[in-house]
Amino acid sequence: MSDAPAEHQKTAVHFGAGNIGRGFVGLLLHNAGYRLVFADVAAPLIDALNDTPSYTVHEVGEGGADHAVDGYTAVNSATDEAGLVDRIAAADVVTTAVGPNILKFVAPAIARGIAARPAGAAPLAVMACENAINATDILEKEIRSAAAGEGLDDGAVDARAVFANTAVDRIVPTQEAGGGLDVRVEPYFEWAIEKAPFGDAAPDIPGVTWVDSLGPYIERKLFTVNTGHASAAYFGRRAGAEKISDALADLDVRAKVEAVLAETKALLVAKYGFAPEQQQAYVTKILGRFANAELPDTVERVGRAPLRKLSRHERFVGPAAELAERGMAADALLAAMGAALAFDAHDDEEAVRLQALLASGSSDAELAEEITGLDAGHPLHDRVVALVADARVGRPA
Ligand SMILES: NC(=O)c1ccc[n+]([C@@H]2O[C@H](COP(=O)([O-])OP(=O)(O)OC[C@H]3O[C@@H](n4cnc5c(N)ncnc54)[C@H](O)[C@@H]3O)[C@@H](O)[C@H]2O)c1
Ligand SMILES: O=P(O)(O)OC[C@@H](O)[C@@H](O)[C@H](O)[C@H](O)CO
């Protein structure tokens, strides 16, 4: 019998065992040889993961294949903080896919896990995988603030953790009710992670694209994939479509989405110097992904959380404001924002809040500023106020 220590199996704690958690980030970490620990607040999901030894990621559409994921465990982060902290203390990697607004809620447990790491442990790699610009920076700020409460100053956090921003791209629709843990996804994926924070000790995750500067990647992704996707959802919803592929099959909706993407292309080319034909090829590829009729993605999922999507640095106001500041056209983006203001989905808490705001007694200017974060001095301000006024026509004051 050998006295050699058993080989260390790398562990990854992933927050959010939902669509992108099981269907993308979890899959790539599993394939990279990590023992996966899913952390989530949904008790039935945690029980299902602990009771089911494996699930399958089904890639649907051209070139798709099936991939099994196994060897994971799951912890309820709402009820078992001690168990969660122990796992983070012993982990190599922590990732999240919970939604940008939830990061502040997962940060305290990560901070406690960082504080509980054994002396001499390699730094924990922390990477938020959310649709938001520099989501890991948002998470890091919350972790540092919670770590201070655990007696860890910034130097101590630096010695125990490395934070890297990422951009994740794979369309994972809402899964069929009763479909168990299996996930249907599109075949395409891209996970770009900034390399510099890791020095020469980056985690080995096959499939990741390591980049020197994430800024252009995340803006290109958010302002092309997500701006185009949300435009298809809001214009599609107004045209009566339920599925994103049906929205794209409507020639009028498609033309409006293409006009939006022509504007964000102009911005990305001007700002980052992307070659116009390269950006056009990226746009064309993305429109093909949206049109994938085998992917049961809905305008309701893609349009979810309209207040987040209409906020200052998000997929509409972000590029539209920069275009206006450069004296460039943003008419198609403004039209998409008008369609977003009409998004009315009873199961979506933000859509309900948006419609309540529009029906409230606040002035058009007050609402425009509250929703978009654009103040009176901004070149887009008056046009956004006009959009809000249009969206309120016919509503009781
Ligand atoms: N679905 C996609 O196509 C896609 C693609 C790229 C990026 N994203 C991003 O990934 C993130 C997750 O999206 P999704 O589509 O997987 O959503 P989802 O709703 O399917 O999954 C989110 C999961 O987070 C869990 N959760 C909520 N609060 C939590 C908490 N406090 N602690 C732990 N878990 C918590 C939920 O229970 C749910 O299981 C979002 O930021 C989204 O923008 C999604
Ligand atoms: O997740 P959201 O709500 O920010 O945006 C909805 C979709 O556009 C999004 O989930 C895409 O499917 C995904 O970003 C593709 O990579």
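Residues numbered from 1 in each chain as written. Chains lettered and ligands numbered in written order. Predicted model: local features only at pLDDT ≥ 70, side-chain atom pairs only at ≥ 80, totals over all residues.

To keep things clear, this is the line we draw: UniProt positions are given in the numbering used here, feature names are shortened, and annotations may be inferred rather than shown by experiment.
An unreviewed UniProt entry lists the protein under the name Mannitol-1-phosphate 5-dehydrogenase, with Sinomonas flava given as the organism. What the UniProt record of the protein gives under Sequence similarities (unreviewed entry) is the line "Belongs to the mannitol dehydrogenase family." Listed under Catalytic activity (unreviewed entry) in UniProt, the entry text for the protein is "D-mannitol 1-phosphate + NAD(+) = beta-D-fructose 6-phosphate + NADH + H(+)".

Digging into the overall build of the protein
What counts is decided by this rule: In DSSP terms, a helix is any run of H or I states spanning at least four residues, a strand is any run of E spanning at least two, and both are numbered starting from the N terminus. Our radius of gyration looks at C-alpha atoms and nothing else; its globule reference is 2.2 Å times the residue count to the power 0.38. With C-beta atoms placed from the backbone, a residue is buried if 20 or more other C-beta atoms are within 10 Å of its own, exposed if 12 or fewer are, and partly exposed between those counts. Contacts here follow a simple rule: the backbone-placed C-beta atoms of the two residues must lie within 7 Å.
In terms of regular secondary structure, the protein is built from 17 helices and twelve strands. A globule of 397 residues ought to have a C-alpha radius of gyration of about 21 Å, and the protein, at 22 Å, matches this closely. Each principal axis of the C-alpha atoms in the protein carries an extent, and together these give about 75 × 45 × 45 Å. Here the protein holds 397 residues, and the buried ones make up 46% of them. Sequence-distant contacts in the protein: of pairs separated by 6 or more residues, those separated by 24 or more amount to 72%.

Comments concerning the site of ligand 2
Worth spelling out the cut-off: Placing a C-beta atom from the backbone of each residue, we mark the residue near a molecule or strand if the atom is within 6 Å of it. By the convention adopted, Pro, Cys, Tyr, Trp, Phe, Met, Ile, Leu, Val and Ala count as nonpolar, Lys, Arg, Asp and Glu as charged, and the other residues, Gly among them, as polar. Here the bounds of each domain stem from an automatic or database domain assignment.
Near ligand 2 the following residues occur: Asn 131, Asp 169, Arg 170, Ile 171, Val 225, Asn 226, His 229, Ala 230, Val 302, Arg 304 and Ala 305. Counting residues per element, the shell around ligand 2 draws most heavily on helix α7 (residues 214–238), which supplies four residues. Here the shell around ligand 2 is built from residues that sort into five nonpolar, three polar and three charged. Two domains each provide a minimum of three residues to the shell around ligand 2, namely domain 1 (11–212) and domain 2 (216–392).

Side note on the site of ligand 1
Close to ligand 1 lie 26 residues; Gly 16, Gly 18, Ile 20, Glu 130 and Asn 131 are nearest. At the level of elements, α1 (19–31), β2 (35–40) and α4 (103–115) are the ones that each hand at least two residues to the shell around ligand 1. By residue number, the principal contributor to the shell around ligand 1 is α1, which donates three residues. Grouping the constituent residues of the shell around ligand 1 by class yields 16 nonpolar, seven polar and three charged.

Some words on helix α14 (residues 331–341)
Within α14, eight of the eleven residues are buried, leaving the element largely enclosed by the surrounding structure. Among the residues of α14, those classed as buried are Ala 332, Leu 333, Leu 334, Ala 336, Met 337, Ala 339, Ala 340 and Leu 341. In this fold, the buried residues of α14 make contact with α7, α9 (251–272), α12 (306–309), α13 (317–325), α15 (349–358) and α17 (381–392).

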